[in-house]
Amino acid sequence: MNFDEQMKVTNVEFGEMPPQAFLLGLLSAFDNRYQACGEKFFKEITWKQFFAIICINLCKAPPTINELAEVMGSSHQNVKQILLKLERKGFIGLYTDNVDKRKQRIQLTNECLDFCEKNDEASQVIIAKIFDGVDEKSLMNTIQTILKMEKNLEKI
């Protein structure tokens with residue numbers, strides 16, 4: 001399917017819009033749709049809460065709230081609210097850092113790890129469906145483009 005055919009499928013008029021503006025809008029719309037899909041899939045937690053869990057798992061050591069906020073690309077306050085909800089649900093524990101008592105570190109609980117294990121296979125199926133028909137070269141180009149955009153965003 002060529003680009004013009006793809007645009008017809010999305011039911012969007014590309015028209016005179018610069019491709020950069022179109023891509024930013026497309027990324028925002030995709031994020032909204034993906035979040036809505038995640039909300040339907042996970043009954044116990046929201047997509048943002050699950051994203052926080054993913055990001056905690058990406059860290060080599062239990063992160064601080066500020067470290068997690070950086071990974072998530074969100075504010076300290078927003079991440080703190082997400083974490084408080086996860087803590088109430090028994091998915092994370094917050095504990096004081098041994099070296100710097102001002103810092104709180106985030107630890108996933110066994111309940112959270114069980115939840116992730118229980119939902120892993122279904123999550124993998126959904127991811128496979130989302131990337132159906134996307135070849136590795138296109139995927140790598142997209143990753144490189146977004147990483148460049150991310151670096152440029154840091155300069156603003």
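My aim in this report is to walk through the structure given alongside it, one point at a time.

Cut-offs and rules
Residues numbered from 1 in each chain as written. Predicted model: local features only at pLDDT ≥ 70, side-chain atom pairs only at ≥ 80, totals over all residues. Heavy atoms only, no water. Salt bridge = Lys/Arg side-chain N within 4 Å of Asp/Glu carboxyl O. Helix = DSSP H or I, 4+ residues; strand = E, 2+ residues; numbered from the N terminus. Phe/Tyr/Trp six-rings, centres within 6.5 Å; stacked < 30°, edge-to-face > 60°. Buried < 20%, exposed > 50% of the residue type's maximum accessible area, 1.4 Å probe, protein only. 1 Å grid on protein atoms, 1.4 Å probe; cavity = no way out; pocket = protein on both sides within 12 Å on 5 of 7 lines; lining within 4 Å. Points joined across faces, edges and corners; volume = space filled by probe spheres on them. Nonpolar A, V, L, I, M, F, W, Y, C, P; charged D, E, K, R; others polar. Axes fitted to C-alpha atoms, helices over the stretch in contact; angles between N-to-C directions. Parallel < 35°, antiparallel > 145°, perpendicular 65-115°, else oblique. Contact = heavy atoms within 4.5 Å.

Let's shift gears to the pattern of salt bridges. For the coordinates displayed, the defined rule picks out 4 salt bridges. Salt-bridge contacts for lysine 118 lead to glutamate 44; the nearest nitrogen and oxygen are separated by 3.0 Å. Of this pair, lysine 118 sits in helix H6 (residues 110-130) while glutamate 44 is found in the loop between helix H2 (19-41) and helix H3 (47-58), placing the two residues 74 residues apart along the sequence. Of the charged contacts, one joins arginine 105 and aspartate 97 as a salt bridge, the two residues approaching to 2.5 Å between their closest N and O atoms. The network of salt bridges with shared partners includes Glu67, Asp97 and Arg105.

Counting across every chain of the model gives 9 aromatic pairs. Ring geometry for tyrosine 34 versus tryptophan 47: centroids 4.9 Å apart, planes at 85°, classification edge-to-face. Note that tyrosine 34 is positioned in helix H2 and tryptophan 47 in helix H3, a separation of 13 residues in sequence. With relative accessibility at 23%, the residue tyrosine 34 sits in the partly exposed group. Residue class for tryptophan 47 comes out buried when judged on its relative accessible area of 12%. Each ring, one from phenylalanine 50 and one from phenylalanine 115, has its centre 6.3 Å from the other, and the planes form 70°; the classification is edge-to-face.

Moving on, we come to the layout of surface pockets. Its volume calculated, the second largest pocket comes out at about 250 Å³. Lining the second largest pocket are 17 residues, with Tyr34, Phe42, Trp47, Phe50 and Ser123 positioned closest to its centre. Of all the secondary-structure elements, those providing two or more residues to the lining of the second largest pocket are H2, H3 and H6. Per element, the largest residue contribution to the lining of the second largest pocket is 7 residues, and it comes from H6. Residue composition of the lining of the second largest pocket, by class: 11 nonpolar, 5 polar and 1 charged.

This part takes up the packing of H3 against helix H4 (residues 65-72). The geometry of H3 relative to H4 is characterised by a closest axis approach of 10 Å and an angle of 110° between their N-to-C directions. Our classification of the angle between H3 and H4 gives roughly perpendicular. Where H3 approaches H4, its residues Lys48, Phe51, Ala52, Cys55 and Ile56 are matched on the opposing element by Leu68, Val71 and Met72. Class assignment for the residues of the contact of H3 with H4 results in 7 nonpolar, no polar and 1 charged.

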